[in-house]
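# Examination of the molecular architecture
For reference, the chains in residue letters:
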Amino acid sequence: MAGAGITAAAAFIVGCNNSSPAPTQTPTPTPSPTPALTDADILNFALNLEYLEAEYYLYAATGSGLSSTDAGSGAGTTIVPSTGTKVAFADKYLLQYADEIAQDELNHVRFLRSALGSAAVPRPAIDLTFFVGLATAAKIPGTFNPFSDGYSFLTGAFVFEDVGVTAYLGAAPLISNKASYLGPAAGIMGTEAYHAAEIRTIIAAGAASASPTAAQTAALTNANLISALRGTISMASGNMLAAESPVSIGSIVACDSTNAIAFARTTDQVLHIVYGGTGGAGVSMGGFFPAGLNGTIKTTTT
Amino acid sequence: MATLETQQLDDIIVKSRRKMLSLGTSALAGLVLAGVTKKADAQAAALTDADILNFALNLEYLEANFYNLAVNGVTIDKLSTPIGITGTGTQGVVVTKANFAAVPFANTTIKAYATETAIEEGKHVSFLRNALTTSAVAQPQIDLVNSFNTLAQGALGIPAFDPFANDAYFLIGAYIFEDVGVTAYHGAAGSISSPANLGYAAGILAVEAYHAGLVRTAINAADLTAEFAPTGTLTGYTQAISAFRSKLANNGPASTTTNGGLKQDDQGIDNSQMVALQGTSATYPSTTILDADNNSITFARTPQQILAIVTGNSPALASGNKGVFFPAGLNGNVS
């Protein structure tokens, strides 16, 4: 991917558990002063992320994406690798995990669309070939394709799940109607954390097994290459979280090292991540969302 | 793994499946207190953030001691870097079996999981104590012997269970706690007033969910390899425990009709599930690493429902809400 240098993919920052400060000290950008966000704005922001996750897992599990009904009227196109997306899982348990998570993310899309009713935004244009640029910047050898096999699929999933946790955690306190929406948002965040732990556990345990396969070893190496890249750039940017420690069987949870509390990200931080890492204000598209998110929360302000 | 232990585990799950089929309201009568829901509603209205954080602190004392005993063989106040246990209310000891020793882990991966979780749960205790400052409650009396035996009798139909006996039993012991922690923080989040406290509670919720995902994935992996017991044994065990937790939290089968239309608010690991994904017929083989409702949203429980699980809500005690893991009850206003 042209231009996908270190700056581009570097902002794929997931939580970390080594040297981060306490939550009260975590550097966060100044939030956008105007306009005030409505609950619908926040839920639609979450819906965009769920569209992305659902598309990734559905394509991996079934070879096709969201139905036109689930994508909504006026939905954008999802770009996928020409070599196909249905992963040929060699291990049945990995297939089961992929199917379960795909159904969960689909359920989240449906739940949020239902909760938003006519205010729900349709699926924006999504580019699932962006993994190539990400992997190149992370110095993953060869041409990375998350749909090529079960362990590459896990590495691809690693990119998303912790981001989902931090996005919901950052957005939860912004919700006004706590009685109606805080509970579901917290519960979806909980689910994303289950997923994140599941993915990280499989990756770490596979590589730590008595006789790991080349694919198992590569999955952990590649996940931590992505992790290291995120850390490098985060240290160079006051707008990003601190460096994360590598995933291993003794370091599964993504949380701050002082208090063991998961990280929160502002909407700006999440936007920078899914747009591919171009820093600063005014970024409104790129990376996994070539035409930007749909809805009010679309353009970075910091 | 000794053949004897394998046989014991197998025996446990056979009995538990049989037990679950025959469990009626009467079988649970000794552990369920009527009027739980009304009490929860009445109490929820008056709770301060400190009340809720102290409620969470009681649960973190329980988890932190369980994991640190499993890994280090000592309670949190006896670690090389001790964690504080003093505070308001009645301070209690942790009851363990005689001649207690850490879990003799045979699997280095499972030991690594346990070690990480012990550290993180200890940090949750310290964090909440620091956040609450002088209003932090003391560690209440915690029972890690009779509690597991009681649950084993109720959920599995066996007389005793020692989660410190081996790797597999440890995982099952951890299973008992982690999903409960998720539902407790989820249920309490909506009652928190301060945005900062909400952020902390949600952040701990996420870590508990990581732990739950970790232990469920680890149990599933151990079950698949049959390293400790025949395939199906450990996952069957989780199903029995989840069903029992749900019954305790919902005052028996009669009222377990909430949460996305499910009959219960908990689910164990089940590798025989099928999901629909594309279309309407469920044709894709799936599992249930996630413990959530039909919208794939994790369950929430009120503080009173959590009390019912961790104390057994024995009606034999006039004051209620004492027993099982907390023989003298919890410290603080949610007790």
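Residues numbered from 1 in each chain as written. Chains lettered and ligands numbered in written order. Predicted model: local features only at pLDDT ≥ 70, side-chain atom pairs only at ≥ 80, totals over all residues.

### Brief notes about the overall build of chain B
The condition that has to hold: Only DSSP runs of H or I reaching four residues or more are called helices, and only runs of E reaching two or more are called strands; each is numbered from the N terminus. Each residue is classified by how many other C-beta atoms fall within 10 Å of its C-beta atom, where C-beta atoms are placed from the backbone; a count of 20 or more means buried, 12 or fewer means exposed, and values in between mean partly exposed. Once C-beta atoms are placed from the backbone, any two residues with those atoms within 7 Å are in contact.
Counting secondary structure elements, chain B contains 10 helices and 4 strands. Going from the N terminus to the C terminus, chain B shows its helices and strands as α-α-α-α-β-α-β-α-α-α-α-β-β-α. Expressed as a percentage of its 335 residues, the buried residues of chain B come to 59%. In chain B, once contacts between residues fewer than 6 apart in sequence are set aside, the share between residues at least 24 apart is 73%.

### Comments concerning the overall build of chain A
What chain A contains, in helices and strands, is 9 helices and 2 strands. Along chain A, from the amino end to the carboxyl end, the secondary structure elements read α-α-α-β-α-β-α-α-α-α-α. Relative to its 302 residues, chain A shows a buried fraction of 60%.

### Topic: the environment of D77 of chain B
All names here are of chain B. Tracing the backbone through its elements, the reader meets D77 in the loop between α4 (49-72) and β1 (94-95). Each C-alpha atom of the pair D77 and N65 lies 8.9 Å from the other, and the pair is 12 residues apart in sequence. Setting aside residues no more than four positions away along its own chain, D77 makes contact with P82, I83 and I85.

### Remarks on the nonpolar core
Taken as a class, soluble globular proteins show a tendency for nonpolar side chains to be buried jointly. Condition: Put simply, a nonpolar core is buried Ala, Val, Leu, Ile, Met, Phe, Trp, Tyr and Cys residues tied into one set by C-beta atoms within 7 Å.
In this structure, A172, M189 and I203 of chain A together with L171 and A206 of chain B are the most contacted members of the largest nonpolar core, which totals 200 residues. Top contributing element to this core by residue count: helix α8 (residues 195-225) of chain B, with 17 residues. Ignoring any residue separated from it by four or fewer positions in sequence, one finds I203 of chain A in contact with L154, F158, A219, L220, A223 and V247 of chain A.

### As for helix α5 (residues 108-132) of chain B
All names here are of chain B. Put simply, the rule is: In this analysis, the expected span of each helix is defined as 1.5 Å times one less than the number of residues it contains.
In this model, α5 (25 residues) spans 36 Å end to end at C-alpha, consistent with the 36 Å of a helix rising 1.5 Å per residue. Extensive coverage of α5 is indicated by the burial of 18 of its 25 residues. Trailing α5 by a residue or two, T133 shows a phi angle of about 45 degrees, which is positive.

### Description of the environment of Y57 of chain A
All names here are of chain A. In this fold, Y57 is placed in helix α2 (residues 39-62). A residue is classified by how many C-beta atoms lie within 10 Å of it, and Y57, with 27 of them, is buried. Sequence separation between Y57 and V87 is 30 residues, and the spatial gap between their C-alpha atoms is 9.9 Å. Beyond its immediate stretch of four places on either side in the chain, Y57 contacts A98, I101, A102 and E105.

### Quick notes on the interface of chain A and chain B
Which entries qualify depends on this criterion: The nonpolar class holds Ala, Val, Leu, Ile, Met, Phe, Trp, Tyr, Cys and Pro. Asp, Glu, Lys and Arg form the charged class, and all remaining residues, Gly among them, are polar.
In this complex, chain A contributes 54 residues to the contact, which on the side of chain B involves 50 residues. Secondary-structure elements contributing two or more residues to the side of chain A that touches chain B are α2, α4 (92-116), α6 (150-171) and α7 (178-208) of chain A. Broken down by element, the residue count for the side of chain A that touches chain B peaks at 21 residues, all from α7 of chain A. Taken together, the residues that form the side of chain A that touches chain B break down as 34 nonpolar, 15 polar and 5 charged.

### Thoughts on the packing of helix α7 (residues 167-189) of chain B against helix α9 (residues 233-249) of chain B
Residue and element names in this part refer to chain B. To keep things clear, this is the line we draw: Angles shown run from 0 to 180 degrees and are taken between the N-to-C directions of axes, each axis being a line fitted to C-alpha atoms and, for helices, limited to the stretch in contact. Should the near helix be turned counterclockwise from the far one by less than a right angle, the crossing is left-handed, whereas a clockwise turn marks it as right-handed.
Relative to each other, α7 and α9 sit at 35 degrees, their axes nearing to 11 Å. Handedness of the α7/α9 crossing: right-handed. Note on element contacts: α9 touches α7 through L234, Y237, T238, I241 and R245, opposite A168, I172, Y175, I176 and V180. Class assignment for the residues of the contact of α7 with α9 results in 8 nonpolar, 1 polar and 1 charged.

### Here's the deal with the confidence of the model for chain B
In regions of low pLDDT, the predicted coordinates are not meant to be interpreted in detail. All names here are of chain B. Put simply, the rule is: You can read pLDDT as the predictor saying how much it trusts each residue, on a scale of 0 to 100.
In the predicted model, chain B carries a mean pLDDT of 83, and the fraction of residues at 70 or more is 81%. Contacts from residues 1-44, a stretch scored under 50 in pLDDT, to residues over four places away or in other chains number 68 contacts. Low confidence marks residues 254-263, where pLDDT is under 50. Its contacts with residues over four positions away, or in another chain, come to 16 contacts. Scored by ipTM, the complex comes to 0.88, with pTM at 0.87.

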